[in-house]
Amino acid sequence: MKINVPQNIITALGLLEKAGFEAYAVGGCVRDSLLGKTPYDWDVCTSAKPQETVAVFENYRTIPTGIKHGTVTVIIDSPIEITTFRVDGEYLDNRRPEQVSFTAELKADVCRRDFTVNAMAVNREGEITDICGGMEDLEKRLIRCVGQPQKRFDEDALRIIRALRFAATLGFEIEEETAAAIIQKKNLLNNIAVERITAEFSKLLKGNCGKILVNFGSVFNVFIPQAEITEKIAFQVEAAPCELEIRLAVLLQNLNSGAAAELLKNMRFSNGIIKSVQELAEYKDILFVAEKPCVKRVMNKIGVEGAKRLALFKEAIGLSQSDELIKMIDEIEGVQECYTLSRLAVRGCDLSEIGLADRQIGKALHALLECVISEDVVNEKTALLSCARGLKLG
């Protein structure tokens with residue numbers, strides 16, 4: 001089997017080979033190509049040492065992005081990371097090797113990698129070298145560690161959550177020994193920076209994550225112990241729209257808005273994500289039916305996108321249907337119907353002119369907006385001023 005290699009990668013591999021070195025594209029780009037997907041990027045590995053790589057590409061811009069670990073970035077149309085074949089030294093922090101040693105052998109390099117499906121290499125002709133059995137596991141749709149799973153996870157505990165992420169995003173199963181090691185080594189995740197876990201967990205949630213959440217609930221309890229991951233909730237998450245805010249809100253549906261926000265803050269989610277999830281938790285039980293006054297009140301509180309997100313969230317947890325709600329939201333917004341003070345046909349100065357005191361104007365505007373939303377008065381200046389004269393504001 002052959003795969004199509006981009007021209008800039010062919011150029012890079014060809015120049016390295018012309019200089020007497022072995023060179024391959026390696027890792028996720030090979031996996032994704034075999035799955036019929038367009039790779040996000042292409043990484044190259046080579047027998048050339050970093051300074052030799054720089055010399056080979058003397059006519060191109062090079063950046064010493066990771067010289068200590070053998071990586072040089074070369075700009076050929078787009079950035080290409082070129083890394084020397086290496087073997088890793090001892091891991092003391094369950095994350096990174098204390099040192100690396102360069103080697104001239106592709107086998108030594110791929111056998112230190114995480115999973116078999118990420119350990120395949122391809123030359124510039126598109127011919128695949130598969131030392132670790134990645135093609136077979138790809139056909140079986142399996143995530144399997146290269147070598148001994150316990151050792152792989154001891155080396156880099158982030159691989160625990162990466163394995164689950166790959167299974168979810170690719171729709172693969174996790175090989176039996178690898179799955180057992182994930183459970184056995186789960187507490188090593190406590191040694192990993194929370195930002196790295198959150199990045200992988202976010203990708204996982206946007207995949208086919210139901211079975212993973214159920215089968216590996218004890219792993220997720222290491223870093224989100226507050227979340228109650230039942231089978232029902234797990235598959236509600238998977239069935240929800242593929243928006244991180246909605247899927248997080250579904251996962252955390254049994255937490256109040258404050259607890260959900262605190263958990264997400266501790267996991268270093270962005271302020272925007274936290275605000276959206278907190279909003280969904282806060283309005284989970286609010287009346288939200290396809291009647292204009294009701295929909296406008298929700299739009300007034302959380303805006304157009306927030307209201308749509310709430311409709312989808314409530315449908316995901318079985319509280320309502322979203323189609324009619326979203327259609328009505330679009331209709332209201334499409335014709336610029338009034339649901340906010342900014343669209344009200346009167347301003348504070350208009351109310352001042354009819355004799356309202358400054359302390360009364362704010363109350364009056366909100367009262368008039370509610371009258372418009374309730375369809376008790378049309379959003380027209382004369383009608384609103386007439387209504388304002390009859391308000392009892394105290």
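I will try to describe carefully the structure that is included in this document.

Conventions and cut-offs
- Residues numbered from 1 in each chain as written.
- Predicted model: local features only at pLDDT ≥ 70, side-chain atom pairs only at ≥ 80, totals over all residues.
- Heavy atoms only, no water.
- Helix = DSSP H or I, 4+ residues; strand = E, 2+ residues; numbered from the N terminus.
- Buried < 20%, exposed > 50% of the residue type's maximum accessible area, 1.4 Å probe, protein only.
- Contact = heavy atoms within 4.5 Å.
- Phe/Tyr/Trp six-rings, centres within 6.5 Å; stacked < 30°, edge-to-face > 60°.
- Pairing = 2+ DSSP bridges.
- Axes fitted to C-alpha atoms, helices over the stretch in contact; angles between N-to-C directions.
- Parallel < 35°, antiparallel > 145°, perpendicular 65-115°, else oblique.
- Left-handed = near helix turned anticlockwise from the far one by under 90°.
- Salt bridge = Lys/Arg side-chain N within 4 Å of Asp/Glu carboxyl O.
- Disulfide = S-S within 2.5 Å.

Mapped onto the elements, T198 comes out in helix 9 (residues 194-205). Relative accessible area serves as the criterion here: at 6%, T198 is assigned to the buried category. As for T198 and K275, which are separated by 77 residues in sequence, their C-alpha atoms are 17 Å apart. When residues no more than four places from it in sequence are discounted, the contact partners of T198 are M267 and F269.

Next up on the list: the packing of aromatic side chains. In the structure shown here, the tally under the stated rule is six aromatic pairs. Centre to centre, the rings of F115 and F166 are 6.0 Å apart; their planes meet at 80 degrees, and the pair counts as edge-to-face. A residue pair is termed long-range when its members are at least 10 positions apart, and F115 in the loop between helix 4 (106-110) and strand 8 (121-122) and F166 in helix 7 (residues 158-170) qualify at 51 residues. Overall, F166 belongs to the buried group, its relative accessible area being 4%. Between F220 and F223 the ring centres are 6.0 Å apart and the planes differ by 75 degrees, which places this aromatic pair in the edge-to-face class. Of the two residues, F220 and F223 are both situated in helix 11 (residues 217-223); the distance of three residues between them amounts to about one turn of the helix.

Time to look at the side chain of T71. Structurally, the position occupied by T71 is in strand 4 (residues 71-76). Beyond its immediate stretch of four places on either side in the chain, T71 contacts P64, T65, G66, E81, I82 and T83.

Okay, the sheet that holds strand 9 (residues 128-129) next. The strand order across the open sheet formed by seven strands is 3-4-5-2-1-8-9, and the pairing between neighbours is mixed. Each edge of the open sheet is held by one strand with a lone partner, namely strand 3 (61-66) and strand 9. The pairing of strand 2 (residues 43-46) with strand 5 (residues 78-84) spans four bridges and is classified as parallel. The partner of T46 across the bridge, within strand 5, is T84. Helix-sheet contacts for helix 1 (residues 7-18) involve strand 1 (23-26), strand 2, strand 4, strand 5 and strand 8, and the interaxial angle to strand 1 is about 150 degrees.

Turning next to the packing of helix 14 (residues 257-266) against helix 15 (residues 271-282). Contact geometry for helix 14 and helix 15: axes closest at 8 Å, N-to-C directions at 160 degrees. By the angle class used here, helix 14 and helix 15 are roughly antiparallel. Crossing handedness for the pair helix 14 and helix 15: right-handed. Side by side, helix 14 and helix 15 meet where S257, A260, A261, L264 and K265 of the first sit next to I274, V277, Q278, A281 and E282 of the second.

With that settled, consider the pattern of salt bridges. A complete count under the given rule lists 23 salt bridges for this structure. One salt bridge in this structure joins K292 and E337, with 2.5 Å as the shortest N-O distance. With K292 in helix 16 (residues 292-316) and E337 in the loop between helix 17 (323-334) and helix 18 (348-353), this residue pair connects regions lying 45 residues apart in the sequence. Looking at K292, the relative accessible area reads 25%, which means it is partly exposed. Residue D350 pairs with K381 through a salt bridge whose shortest N-O separation is 3.3 Å. Of the two residues, D350 is situated in helix 18 and K381 in helix 20 (residues 381-389); the sequence distance between them amounts to 31 residues.

A few words now on the state of the cysteines. Counted by the stated rule, this structure contains zero disulfides. In this structure C29 is a free cysteine whose sulfur lies 9.1 Å from that of C45, the closest cysteine sulfur available. A relative accessible area of 2% places C29 in the buried class.

What you tend to see is this: most non-glycine residues have negative phi, and most peptide bonds are trans. In this model, R141 sits at a positive phi of 60 degrees, which is unusual for a non-glycine residue. Looking at where R141 falls in the secondary structure, it is placed in the loop between helix 5 (134-140) and strand 10 (142-143). Unusually for a residue other than glycine, Q336 sits at a positive phi of about 60 degrees. Among the structural elements, Q336 can be located in the loop between helix 17 and helix 18. For Q336, a relative accessible area of 48% corresponds to the partly exposed category.

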